[in-house]
Amino acid sequence: MLRFKSVSTHFVLVASIAVAGSLATRTAYAKPVPTPQSVLGFEPTSDRTIADWPQITNYFAQLDATSDRVKVQEIGKSTLVKPLIVAFISAPENIRNLEKYRRINQKLADPRMVNSPEELQGLLKEGKTIVSISCSIHSTEIVASQMSINLAYQLATARDAETEEMLKNTILLLIPSPNPDGVDIVANWYRKNLGTKYETTSPPELYHHYAGHDNNRDWFMLSLKETQSITRFFWQQWFPEIVYDVHQQGANGSRFILPPFFDPANPRIAPLILREAGLMGYKMASDLEAANIAGVATNSTYDTWWHGGFRGTPYFHNSIGILSEAASASLMSPLTITRERLERGTKVRGLDSPLETATNFPNAWQGGTWGPRDIARIEMISSRALLQMASKFRLRYLTNFYELGKSNLLPQSKDPQGFVVYADPAKKETTARFLEILMGQGMEIHRIEQDTEMYLGGETTGTASKVPAGSFVVFTSQPQRNNVLSLFEKQTYPNRLKPSGEAEVPYDVAGWTLPLQMNIDTASVWKLGTTPAAMVKLTDINQARQSLGLSPQTEPFAKLPNPLKTAPKIGLYKSFTGSMDEGWTRLVLDTHQIPFTSVSDSDFRAAKLDYDAVIIPSMSEKSIVDGLDADRYPAQFAGGLGEKGVDNLREYVEKGGKLICFDSSCDFAINRFKLPVKDVLKGVKSSEFYNPGSVVRLDVDTSNPLAKSFKAQTPAYFIDSAAFDISDPTKVKSVAKYADKDALLSGWMMGEKYVNGKTALAEAEYGKGKIVLFAFRPQHRSQTYGTFPFIFNALEK
């Protein structure tokens, strides 16, 4: 039986039900469903009010205790150990039988579990459309988390025929926020500064402990506690047919953006899913238009190429992903948006001006007051429109969901049958983590028990090869075919240019091939040999770990062993500007149990630099030196290193310290330490060179200690990064260079000649110390396990 843990034990009013089945014995609730205002003391989404996470979860606990339409489940803990909750909202009879409907949907998600056409018809007749609505993963986009309270109350109490029909035919999985920690960070900052000149500023820290805004970039990598929990809940338990991710965007453009999305579309997304996303978006947009809401855009800004976001990942699980982006207020404070501000707004793909009407933008908003109530109204209408569609076309969504999974089980001659993952003795822990990431998403993996002949590597039949026992294979003939292919294959992003010849900026990145990022040895399987293969399907990651000669894990995604042979004192620069790259660096160090100390601006200014190595993550020189503006932030947060801090850092290195810079921060080191190094990409137009995020090949000087354990060539991640020319090789050594030719491995790179043969990793002598310059991000989003060892080597004493 599926067990439900109520979060209400954390609060004064508690729900006493441990499992869904026990609701069947309760014929009535003793107390009426409380209004949000009666519990919070204010109406959610009203100007200059904000509910923090304890208040939000307390209200949902009270809904659980008083409404037979609501059941709250804790599905995990946040990074800072707050309860991560989901509210099931549906008709009372559905709430009483949640386990039944979960099992129905599990079978529809995997057609191999359906034994006959008669069973299928029964499942389709009884099943409910499973819909998830998730709010405010980006915590400064705070309104949706507040709106979720009103949405839940409305669905829990409304008695109109439309609402009751929605509840009868759907089960809503409402996630008030997948980032509880960030909700509290924003709420605490906003309350503290309400009524001051700092009221409209964002917190001077990352609003996710490690990832900040990038917490929505982790949905295939599963580095964060939140994505691990929700991924397990979605793709191993409930398999929602529709996933709606509610966001906010800048204030000076359209008021709302909905699907259909902009080009390009990822070819591994089923065409039917793209059509259904467009259909849903048009229904939502139509309802908004009927409510006289201006400024709603479709076919703009956001594409469906990238795999890794909350609404994008469902596409590769046969589910419909919906993203909406509402124009922001100043957190929970209203704004006045003039026509002049709209005229100056940045042009986006598919929408040249927010003041001009078009087919995809038929009712332009002309400016005025804009606040949280406006945002919440739009989000409420859109959420109900989505639930109406999910209800009215319940059979359609369930049938399509089943058929998409079924079609993925059929062999496709144009696609490989699977991918071999070799058990490299030098990469045991990384291989195990790679397999755990795949299994965490619900992928099936087999271990090869004896040497087996397979045809590998070709695009039609491949070449007959012996695959050694102990290797692993991920077959594409499984419901997640498109997810397997999208993560294993190399991406080829279309060459999309503006009329000016400049690159058209994609949404996020162009390539992400996971085996390349993690430097895992794999091969595509085009057919099996004539000898039957002896294979065992893995049911637990510890089966893989045992096969690799590793000790078992006691918890999912456990910390990895410290790879350092020495114990250096490490300082990691942590600015109040909230560098996501700093957060990801912390996560990599924490994941590998490497001790470090966060070093502040004031530490640099006071020369508190008693470290063997100091890391400055990818940040601009201006951010490092100047920090936050003193006119917008209190004095304790304003300013960066300042000239005094820069002088102290130079003295630290001169006396024997080691400075390690990632990507953008290399500019700071080159300029402030006057190094004989030049970034050859500075000033180059995007019509000449462009790489928005791709996997590239490096040629490595394996004789250099920084390249210990590396082969002569290795993949690395380039995202608007740098490429160096060294004018004095007696002072600066080149450790790794971008390949002389064919450097692109996955993604999109225009003008490759600009980086061919240029330095990607350099080591400079400076006084008695050293400066290590990474032109790229070796720890990019905690995904690039293949280049983590460069960092570890640089940190060794």
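Criteria and cut-off values
- Residue numbers restart at each chain and count upward from 1, following the sequence in its written direction.
- Totals for whole chains, interfaces and linings use every residue, but because this is a predicted model, local features are given only for residues with pLDDT of at least 70 and side-chain atom pairs only at 80 or more, for both listing and counting.
- Note that water and hydrogens are dropped before the side-chain values are worked out from all heavy atoms of the structure.
- Two strands qualify as a pair provided DSSP detects at least 2 bridges between them.
- Helix and strand assignments come from DSSP, with helices taken as H or I runs of at least 4 residues and strands as E runs of at least 2, each series counted from the N terminus.
- Helix axes are fitted only over the stretch in contact, all axes being lines through C-alpha atoms; the angle between N-to-C directions runs from 0 to 180 degrees.
- The labels follow the angle: roughly parallel below 35 degrees, roughly antiparallel above 145, roughly perpendicular from 65 to 115, and oblique for the rest.
- Whether two residues touch is decided by their heavy atoms; if any such pair falls within 4.5 Å, the residues are in contact.
- Nonpolar cores are built from buried Ala, Val, Leu, Ile, Met, Phe, Trp, Tyr and Cys residues. Side-chain atoms within 4.5 Å join them into one set.
- Partly exposed describes any residue whose relative accessible area lies between the buried limit of under 20% and the exposed limit of over 50%, with all areas from a 1.4 Å probe on protein chains only and scaled to the type maximum.
- Only Phe, Tyr and Trp rings take part, Trp by its six-membered ring, and two of them pair if their centres are within 6.5 Å. Stacked means planes under 30 degrees apart, edge-to-face means over 60, and tilted covers everything else.
- Distance and angle both matter: a charge sits over a ring if NZ of Lys or CZ of Arg is within 6 Å of the ring centre and within 35 degrees of the ring normal.
- Salt bridges, as used here, are contacts in which a Lys or Arg side-chain nitrogen is within 4 Å of a carboxyl oxygen on Asp or Glu.
- Any pair of N or O atoms that falls within 3.5 Å is considered a polar contact. Within protein, one atom must be able to donate a hydrogen and the other to accept it, and sequence-neighbouring residues count only if both atoms are side-chain atoms.
- If you view the pair so one helix is near and one far, a crossing is left-handed when the near helix is turned anticlockwise from the far one by less than a right angle, and right-handed when it is turned clockwise.
- Just so you know the grouping, Ala, Val, Leu, Ile, Met, Phe, Trp, Tyr, Cys and Pro go in nonpolar, Asp, Glu, Lys and Arg go in charged, and all remaining residues, Gly too, go in polar.

Draft legend 1. Local environment of the sheet that holds strand 17 (residues 472-475). Strand order in the open sheet formed by 7 strands is 16-15-18-13-17-14-19, and the pairing between neighbours is antiparallel. Of all strands in the sheet, those with a lone pairing partner are strand 16 (463-467) and strand 19 (535-537), marking the two edges. The mean inter-strand angle of the sheet, taken between neighbouring strand axes irrespective of direction, is 40°. As paired strands, strand 14 (residues 446-448) and strand 17 are joined by 2 bridges and run antiparallel to one another. By the bridge assignment for strand 17, R447 is matched with F472.

Draft legend 2. Structural context of the packing of helix 2 (residues 53-66) against helix 6 (residues 143-157). Where helix 2 contacts helix 6, the axes come no closer than 11 Å and their chain directions differ by 10°. Accordingly, the angle class assigned to the pair helix 2 and helix 6 is roughly parallel. Here helix 2 contributes I56, Y59, F60 and L63 to the contact with helix 6, which in turn contributes S145, Q146, S148, I149, A152, Y153 and A156.

Draft legend 3. Geometry of the nonpolar core. Counting residues in hydrophobic clusters, the biggest one holds 133 residues, and the most contacted among them are L649, L659, F673, Y738, I771 and L773. Residues A51, F60, L331 and M389 belong to the second largest nonpolar core, which totals 73 residues.

Draft legend 4. Region of the structure containing the sheet that holds strand 1 (residues 70-77). In space, the 8 strands of this open sheet follow the order 1-2-4-3-5-10-6-8, with mixed pairing throughout. The sheet is open, and its two borders are formed by strand 1 and strand 8 (296-298), each paired with just one other strand. Ignoring strand direction, the axes of neighbouring strands in this sheet form an average angle of 20°. Here strand 1 runs beside strand 2 (residues 83-89); their pairing, made up of 7 bridges, is antiparallel. Bridged to Q73 within strand 2 is V86.

Draft legend 5. Structural context of the packing of aromatic side chains. Counted by the stated rule, this structure contains 30 aromatic pairs. Ring centres of W365 and W370 lie 5.5 Å apart, and the angle between their planes is 65°; on these two criteria the pair is classed as edge-to-face. Counting every residue linked through ring pairs, the aromatic cluster contains F88, W219, F233, F234, W235, W238 and F310. The ring centre of W370 lies 4.7 Å from the NZ or CZ of R255, which sits over that ring. Over the ring of Y455 we find K527; its NZ or CZ atom is 4.6 Å from the centre of that ring.

Draft legend 6. Layout of unusual backbone geometry. With an omega of 10°, the peptide bond between P259 and P260 qualifies as cis. Here P260 shows up in the loop between strand 6 (256-258) and strand 7 (262-265). Non-glycine residue T45 carries a positive phi angle of around 80°. For T45, a relative accessible area of 4% translates into the label buried. Phi is positive for R48, which is not a glycine, with a value near 60°. Following the sequence through the fold, R48 ends up in the loop between helix 1 (36-40) and helix 2. Overall, R48 belongs to the partly exposed group, its relative accessible area being 41%.

Draft legend 7. The pattern of salt bridges, seen in detail. Taken as a whole and assessed by the stated rule, the structure comprises 43 salt bridges. Between R191 and D52 there is a salt bridge whose closest N-O contact spans 2.9 Å. Residue R191 is found in helix 8 (residues 180-193), and its partner D52 is found in the loop between helix 1 and helix 2; the two are separated by 139 residues along the sequence. Overall, the relative accessible area of 12% leaves D52 in the buried class. With its nearest N and O atoms 3.7 Å apart, the salt bridge here joins R481 to D415. Remark: D415 occurs in the loop between helix 13 (394-407) and strand 13 (418-421) and R481 occurs in helix 15 (residues 481-488); sequence separation between them is 66 residues. Owing to a relative accessible area of 4%, R481 belongs among the buried residues under this scheme. By sharing partners, the salt bridges in this structure join D110, R112, E444 and K537 into a single network.

Draft legend 8. View of the side chain of Q248. By secondary structure assignment, the location of Q248 is in strand 5 (residues 242-249). Side-chain polar atoms of Q248 contact the backbone nitrogen of I142, separated by 3.5 Å. At 3.0 Å, the side chain of Q248 forms a polar contact with the side chain of S328.

Draft legend 9. Region of the structure containing the pairing of strand 13. Burial along strand 13 is two-sided: the face carrying G418 and V420 and the face carrying F419 and V421 are both buried. Bridge count for strand 13 against strand 17 is 4 bridges, and the pairing is antiparallel. Following the sheet pairing, F419 is matched in strand 17 by V474. Looking at chain direction, strand 13 and strand 18 (residues 522-528) are connected through 4 bridges and run antiparallel. Residue pairing for strand 18: G418 is matched across the bridge by V525.

Draft legend 10. The arrangement of the pairing of strand 30 (residues 759-766) in detail. Burial analysis of strand 30 places 7 of its 8 residues in the buried class, the great majority of the element. In the sheet, strand 28 (residues 732-738) pairs with strand 30 via 5 bridges, with the strands oriented antiparallel. The partner of V732 across the bridge, within strand 30, is A764. Adjacent in sequence and paired antiparallel, strand 30 and strand 31 (residues 769-774) are bridged by 2 residues, among which G767 carries a positive phi angle near 60°.

Draft legend 11. A look at the packing of helix 6 against helix 12 (residues 372-392). Put simply, helix 6 and helix 12 touch, their axes get as near as 9 Å, and they point 50° apart. In terms of their interaxial angle, helix 6 and helix 12 are classed as oblique. Helix 6 and helix 12 meet at a crossing whose hand is right-handed. Between helix 6, through V143, A144, M147, N150, L151, Q154 and L155, and helix 12, the contact on the second element is made entirely by P372, I375, A376, E379, M380, S383, R384 and L387. A class-by-class count of the residues in the contact of helix 6 with helix 12 yields 10 nonpolar, 3 polar and 2 charged.

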